[in-house]
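Here is how the chains run, residue by residue.
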Amino acid sequence: SFTPSQSLRMKGESPVNSTMSVSQARKLVEQLKIEASMCRIKVSKAAAELMAYCDAHCCEDPLLTPVPTSDNPFREKKLFCALL
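Quantities reported herein were computed from a predicted structural model and do not represent experimental measurements.

1. Details of the overall build of the chain
Phase 1 of the analysis: The helix and strand inventory of the chain stands at three helices and zero strands.
Phase 2 of the analysis: The order of α-helices and β-strands along the chain, N terminus first, is α-α-α.
Phase 3 of the analysis: About 8,400 Å² of surface is accessible on the chain, with carbon and sulfur atoms providing 63% of the total.

2. Details of helix 3 (residues 43-56)
Given 3.6 residues per helical turn, the α-helix brings residues three or four places apart onto the same face.
Phase 1 of the analysis: Under the 1.5 Å per step criterion, the end-to-end length of helix 3 is 20 Å for 14 residues, consistent within 8% with the ideal 20 Å.
Phase 2 of the analysis: Among the 14 residues in helix 3, zero count as buried, and that is only a small part of the element.

3. A short note on the confidence of the model for the chain
Phase 1 of the analysis: Residue-level pLDDT values for the chain average 79, and 73% of them are 70 or greater.
Phase 2 of the analysis: For the chain, helix 1 (residues 4-7) is the element with the lowest average pLDDT, namely 48, and helix 3 is the one with the highest, namely 95.
Phase 3 of the analysis: Within the model, pLDDT remains below 50 along residues 1-6, and this stretch shows five contacts once partners closer than five positions in the same chain are excluded.

4. Considering the state of the cysteines
Phase 1 of the analysis: Summed over the entire model, instances satisfying the criterion amount to zero disulfides.
Phase 2 of the analysis: Note on Cys54: no disulfide assigned, nearest cysteine sulfur contributed by Cys58 at a separation of 8.9 Å.
Phase 3 of the analysis: Cysteine Cys58 remains unbridged, with the sulfur of Cys59 as its closest cysteine sulfur at 4.2 Å.

Definitions and cut-offs
Residues numbered from 1 in each chain as written. Predicted model: local features only at pLDDT ≥ 70, side-chain atom pairs only at ≥ 80, totals over all residues. Heavy atoms only, no water. Helix = DSSP H or I, 4+ residues; strand = E, 2+ residues; numbered from the N terminus. Areas by Shrake-Rupley, 256 points an atom, 1.4 Å probe, with all protein chains shown as cover. Expected span 1.5 Å × (residues − 1). Buried < 20%, exposed > 50% of the residue type's maximum accessible area, 1.4 Å probe, protein only. pLDDT = per-residue confidence, 0-100. Contact = heavy atoms within 4.5 Å. Disulfide = S-S within 2.5 Å.

Set out below in structure tokens:
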């Protein structure tokens with residue numbers, strides 16, 4: 001015979017058993033409601049939007065267009081050592 005405890009599983013845990021408290025079950029239900037109500041988009045659409053954003057902002061990315069040496073605050077300072 002089928003019992004409700006066989007169908008519910010908490011993330012990363014064994015099947016929910018009869019020892020689960022009412023407060024734990026309420027928390028689980030609230031979390032599932034939150035996850036079910038989240039707005040979702042297809043991966044292909046998200047990837048296309050990300051690529052469009054990257055193309056539109058590539059000129060501002062210092063990894064793609066390096067910062068001129070004179071403007072770079074992280075450039076190596078040239079230290080001159082003199083031996084006496």
